[in-house]
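So the chains spell out like this:
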2 protein chains.
Amino acid sequence: MNSEVSLMLRSFYFCNMPTISNKAVEMPSSPIRKLVPFADAAKKAGKHVFHLNIGQPDIKTPQLLFDAVQKADIQVLSYIHSQGRLEYRQKLAKYYNGFSASVQAEDFVVTTGGSEALYFGMYTCLDPGDEVIMPEPFYANYNGFSRSGDIAVKTITSSIEDGFALPSISAFEEAIGPKTKAILICNPSNPTGYLYSKEELETLRDIALKHDLFLFADEVYREFIYGDKKHHSVLALDGLDEHAIVIDSISKRYSACGARLGCLVSKNKSVIAAATKFAQARLSPPTWSELAAEAALEVPASYFEEVVAEYSQRRDLLVDRLNAMEGVNCPSPGGAFYCMVHLPIKDSDHFCQWMLESFDHEGSTVMMAPGTGFYHTKGLGKSEVRIAYVLNVDDLNRAMDALEKGLQVYKASESSF
Amino acid sequence: MNSEVSLMLRSFYFCNMPTISNKAVEMPSSPIRKLVPFADAAKKAGKHVFHLNIGQPDIKTPQLLFDAVQKADIQVLSYIHSQGRLEYRQKLAKYYNGFSASVQAEDFVVTTGGSEALYFGMYTCLDPGDEVIMPEPFYANYNGFSRSGDIAVKTITSSIEDGFALPSISAFEEAIGPKTKAILICNPSNPTGYLYSKEELETLRDIALKHDLFLFADEVYREFIYGDKKHHSVLALDGLDEHAIVIDSISKRYSACGARLGCLVSKNKSVIAAATKFAQARLSPPTWSELAAEAALEVPASYFEEVVAEYSQRRDLLVDRLNAMEGVNCPSPGGAFYCMVHLPIKDSDHFCQWMLESFDHEGSTVMMAPGTGFYHTKGLGKSEVRIAYVLNVDDLNRAMDALEKGLQVYKASESSF
């Protein structure tokens, strides 16, 4: 093509623009991050913002993880095995068998965070148009991963009045159709902190077996359990070897969100073989992070005792403070470090933005995640917010002061909206 | 459900097994890695295997990258911005503008390797059923990413006789249909080493504008150009701001494959905004790797001069040795560190396996990637192999000795297959 014709073509077509995919248009923005511009503006205006909106723990990452990366004798930072180094998977299996998972090194695909584990797991089990059932409220990014794979989300609603317990079997049975391939739970739950009992998990097991569904369990918070309760992994349930798939990550366990290192675990050989093909397409997990994750398995039990004691103290404070406020209801979380809170408001998106834009208490305000982002059913979550208790007790107390005051001012000024 | 009924259900359904997705079944295995068991067996049998099958460079990773990770003062290894740290994106923009890309920090999404950049880019632009056109042979994992998104791959064939030059415009025009949304090239190319001329890129530009297609260019090898030739980025082409999308990675550039750090670059605001939503769903790129990548931008030009001189020497040796063998044709690569080689064989999968299983020359053999894995059209690539020149000159010479001898023995024994 000579340059004159080429130029002509260019001017002719210059106004055209290729269009992005429907998938991309419909892909949800992160409900946790969408208030960031308002938080930035609040800080610019001199306010202190207490970040209770995101599960970024403030706990120090154990030194062992940094040591592993700093002392590694690497000349060429090369790819590692697509499934993860065998040595790491062997140690992981040992850790898992500590809670009766009965797994071996070949039952793991090491992934770039729990996010990639979820992506590999869902793509391995569900085609476009297939359905996954999730109890809502659920971790908002499950929406993103489903949309990205053109997978339909069906929800059954757990209610704050029941403390977010597992909905009835009949609710599941009503939701299950011919396109349903899987159930996805988060245990203990982000965003509710709900810890499923063994009986509830057995109920889910029976539903999965009866309808031949995969049961995905996101267990990244399994170490954070409060009081006398006990965490049960779906991998330890009898008769579920072909159906159970676990999503895991070191992000929260070792306060190492930036490592991006997780794993997919299943005793179903077809699932792991297929997930490995997805893993091969992206070649390798991040090498430094994998070395850190391997070292993390040597972190002593005393670390978790301290961290759990710390979170437990925060939880107690938070639940007490919240439930003492007028019109507020916060079921006490059994695990993780989140709670879903009912507030005396009608539009949580508006309230959370208002707290950043139009309110401060002694120069401080609170950033929370609007409840609506954690529900799939339109209209739900409008009186709820998710709070992550990732700040120390002093800061939490000051944040609760600001929230309490904020609710009063908001209520008084409500007529003006 | 009482435990008796539950037990009954379990035994009743025990034989059932949920099925994995069609996507997972059809997801291709890595053609580069599928011979690994045969290589392992060869090594177990005491053979030395020259690995020319995979693009894992043997060049030392610059110390600057390790320093950045070792000296970082981190207390909590937290998430970074989903799009990548602003400081890094600003420095990236400066590096890009060194070759006239005219980009700004907001035109980047920092990704977990080039793999994730490709995945974000394709999902942002193509829905299930949409088509992407690639000149074949192409990087095998493009198949995996397309399958994963239920995107159809259409190919136009570039031939070894033409040195893998861009096929004619008419070939493109014939391939373009109503579902075609994008063209994907790799420049310089893995697996052929072909470097597109400015004129060829302008031709692609005109096709993209005429048919309103996205033009994806995987430019991860842009630093590895030999002789007097010059690399041209699609971002530097006039009039293509809304159509050009670049896939990049530090893996090969700084011999840091294990970092898993890359980026997606486009001046199309809708593309970056949508890709950012995919980035938010997976929260953050790996933090340590991003710090290393930022430091890598300080690597002096002399590093590349040395590395390019090294690869150049290897290329010359390899091309000379190969073309001196009977019935062998290897076009001289203009860039990257791969070549596609025509061998006097009829089944490259069989030959590559035979080299590992049944042959050695003075205790050594060569692992290569069968050509078939780089073609989409069935039947193509059967007389071709891909060779990565990621070994030093001495090892390459010995590997060529083994290949030359292997071809002779194979030919002599061919009647027995």
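Residues numbered from 1 in each chain as written. Chains lettered and ligands numbered in written order. Predicted model: local features only at pLDDT ≥ 70, side-chain atom pairs only at ≥ 80, totals over all residues.

**Description of the interface of chain B and chain A**
Contact with chain B, which involves 80 residues of that partner, is made by 80 residues of chain A. Looking at the side of chain B that touches chain A, the elements with two or more residues in it are α1 (3-13), α2 (22-26), α4 (63-71), α6 (113-125), α7 (141-148), α9 (198-211), α10 (269-281) and α11 (287-296) of chain B. In terms of residue count, the dominant contributor to the side of chain B that touches chain A is α10(B) (7 residues). Residue composition of the side of chain B that touches chain A, by class: 35 nonpolar, 28 polar and 17 charged. (Contact = placed C-beta atoms within 7 Å. Helix = DSSP H or I, 4+ residues; strand = E, 2+ residues; numbered from the N terminus. Nonpolar A, V, L, I, M, F, W, Y, C, P; charged D, E, K, R; others polar.)

**Comments concerning the pairing of strand β4 (residues 152-157) of chain B**
Note that strand β3 (residues 131-136) of chain B and β4(B) share 6 bridges and pair parallel. Bridge pairing in β4(B) places Glu136(B) opposite Thr157(B). (Pairing = 2+ DSSP bridges.)

**Comments concerning helix α13 (residues 348-357) of chain B**
Residues and elements named next belong to chain B. Three or more residues of α13 are buried, namely Ser348, Phe351, Cys352, Met355 and Leu356. All buried residues of α13 project into a common sector of 135° when viewed along the axis, lining one side. In this structure, the buried side of α13 is in contact with α3 (36-44), β1 (48-51), β10 (364-367), β11 (369-370), β12 (384-388) and α14 (393-413). (Buried ≥ 20, exposed ≤ 12 C-beta atoms within 10 Å, placed from the backbone. Arc of directions from axis to C-beta.)

**Considering the relation of the copies chain B and chain A**
Overlay of chain B on chain A (RMSD 0.0 Å): rotation 180°, translation along the axis 0.0 Å. On the angle and the small slide along the axis, the relation comes out as a two-fold axis. Looking at the rotation axis and the C-alpha trace of chain B, the residue lying nearest is Gln70(B), at 2.4 Å. Comparing interface residues between copies, 100% of those in chain B also sit at the interface in chain A, which points to an isologous, same-surface contact. (Least-squares fit on C-alpha atoms with pLDDT ≥ 70 in both.)

**Quick look at the sheet that holds β11(B)**
Residues and elements named next belong to chain B. Read from one edge of the open sheet, 3 strands run β9-β12-β11, paired in antiparallel fashion. Across the chains shown, the open sheet's two edge strands, defined by having one partner strand only, are β9 (338-342) and β11. Bridging between β9 and β12 involves 5 bridges; their strand directions are antiparallel. Among the inter-strand pairings, cysteine 339 is bridged to a residue of β12, identified as isoleucine 387.

**Observations regarding the domain arrangement of chain A**
The parts lose accessible area when they come together, and the size of an interface is often stated as this lost area. Residues and elements named next belong to chain A. When the domains of chain A are assigned, the result is domain 1 (28-59 + 302-416) and domain 2 (63-296). Taking the mean C-alpha position of each, domain 1 and domain 2 sit 27 Å from one another. With 34 residues of domain 1 at the interface, the matching set in domain 2 holds 32 residues. Every element with two or more residues in the side of domain 1 that touches domain 2 is listed here: α12 (301-323), β9 (338-342) and β12 (384-388). (Domains from an automatic or database assignment.)

**Concerning the pairing of strand β8 (residues 262-266) of chain B**
Residue and element names in this part refer to chain B. Among the 5 residues in β8, 5 count as buried, and that is most of the element. Across the two faces of β8 the burial is the same, with Gly262, Leu264 and Ser266 and Cys263 and Val265 all buried. Of the strand pairs in this sheet, strand β2 (residues 108-111) and β8 are connected by 4 bridges, and their pairing is antiparallel. Looking at the pairing, phenylalanine 108 lines up with valine 265 of β8. The pairing of strand β7 (residues 244-249) with β8 spans 5 bridges and is antiparallel.

**A word on the sheet that holds strand β11 (residues 369-370) of chain A**
On the basis of which strands lie adjacent, the open sheet formed by 3 strands has the order β9-β12-β11 (chain A) and antiparallel pairing. Since the sheet does not close on itself, it has two edges, and those belong to β9 and β11 of chain A, each with one partner.

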